[in-house]
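Structure at a glance
Residues per chain are reported as follows:
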Amino acid sequence: MIRTGCCALRSFLFYVLWILYGVPWCLWVILAAPCTRSVQARHRYLAQPFCRMTVVLCRLCCGIRWALEGAEHITARPCVIVSNHQSPWETFFLQTLASPQTTVIKKELLQIPFFGWAFRVLDPIPIDRKEAHSSLQQVVKAGKKSLERNQWVMIFPEGSRHPWPETGRFNRGAAFTAQAAGAPVVPVVHDAGRYWPSGRWIKRPGTVRVKVGPALDSQASSAAELTQQLREWIQENKNRD
C-alpha cells in the first residue's frame, strides 16, 4: 500500500513538472517552427529536446530507466521503424533514436491543446483509424515522400496500445511504405508496458529494455510475409526471458 502510494505521488509529480515544462515548450515550437528552415531541422531542434526531457523527467520522478541494445542498427540511411506499442513512454523515447523522423499517429492527437498544436507543425502523418483503406493509402504516400527526403518513418503496426505482454495484430502499412520507397525496415521491441501501463497514470520504477534489430530488406518478400517476419521477431524477442 505504501509502495503504491509512493508511485502515485511520484507519478503526480511527473505530470505536474511535465505540464509546467511542456506547455511553454509547445508554445515555443509553434512560434519557432515557421522560422525553422526545414521539417528535418524542426525534428532535430524542436521535437527531440522535448522528447529527451520527457524520458529524463520520467526517470528522475518515476524511476523508469532504460537499457538499449542494438543501437548500431540505427544507421545513416533513413528506414521505416516498426515497434510494438504499449505505453506513451516509447512514443517519446523512440523519437530520440533517429533524426529527422516523422510518426504515423491517430488524427485525434492533433486536437489536444498545446501538445497537439505543436505536434501539427512537426510534420506527422495523421490518420483516421475509422477509414482503414484510405488511411493505408495516406500512410504509404506520405511515408514514401518522407523517406525520399531523408526522414525516418515511425510506425506502430498494432495501431493502438496493448497491455504487456500482449502482441496485437499487425497491419501492413509499414511493409507497403518501405516497399514503395525501396527502404529497409528496422524492428524495435520493448517492455515499457511493465512500468507505464496503458490506460493508467500511475507508473512504477524499473528498467525498460529496448532492443533494435537488424534492418530487413523490404524488397525480399511480399508485404504479408514481411509483416509476419516483423511480428515474429518482436514476439520472439519480447519473450526472451
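Residues numbered from 1 in each chain as written. Predicted model: local features only at pLDDT ≥ 70, side-chain atom pairs only at ≥ 80, totals over all residues. Heavy atoms only, no water.

**Considering the packing of aromatic side chains**
Under the criterion given, the structure shown has 14 aromatic pairs. Aromatic side chains Phe14 and Tyr15 sit 5.2 Å apart centroid to centroid with 70° between the ring planes, which places their arrangement in the edge-to-face category. Ring plane angle 70° and centroid distance 6.1 Å describe the contact between Phe50 and Phe92, whose orientation is recorded as edge-to-face. Of this pair, Phe50 sits in helix α2 (residues 39–62) while Phe92 sits in helix α3 (residues 88–93), placing them 42 residues apart in sequence. The exposure classification of Phe50 matches that of Phe92, with both residues buried. (Phe/Tyr/Trp six-rings, centres within 6.5 Å; stacked < 30°, edge-to-face > 60°. Helix = DSSP H or I, 4+ residues; strand = E, 2+ residues; numbered from the N terminus. Buried < 20%, exposed > 50% of the residue type's maximum accessible area, 1.4 Å probe, protein only.)

**Brief notes about the packing of helix α5 (residues 132–148) against helix α6 (residues 173–181)**
Relative orientation of the contacting elements α5 and α6 amounts to 40°, with a least axis distance of 8 Å. Considered as vectors, α5 and α6 are oriented oblique to each other. When you trace α5 past α6, the crossing you get is right-handed. Residues Leu136, Val139, Val140, Gly143, Lys144 and Leu147 of α5 form the contact with α6, whose participating residues are Gly173, Phe176, Thr177, Ala180 and Ala181. Taken together, the residues of the contact of α5 with α6 sort by class into 7 nonpolar, 3 polar and 1 charged. (Axes fitted to C-alpha atoms, helices over the stretch in contact; angles between N-to-C directions. Parallel < 35°, antiparallel > 145°, perpendicular 65-115°, else oblique. Left-handed = near helix turned anticlockwise from the far one by under 90°. Contact = heavy atoms within 4.5 Å. Nonpolar A, V, L, I, M, F, W, Y, C, P; charged D, E, K, R; others polar.)

**Overview of the layout of surface pockets**
The space that makes up the largest pocket amounts to roughly 1,400 Å³. Forming the walls of the largest pocket are 50 residues, and the residues nearest its centre are Val104, Ile105, Lys106, Leu109 and Phe119. Each residue belonging to the lining of the largest pocket can be placed in one class, and the counts come to 31 nonpolar, 13 polar and 6 charged. (1 Å grid on protein atoms, 1.4 Å probe; cavity = no way out; pocket = protein on both sides within 12 Å on 5 of 7 lines; lining within 4 Å. Points joined across faces, edges and corners; volume = space filled by probe spheres on them.)

By themselves, these are just geometric observations and shouldn't be taken as functional.
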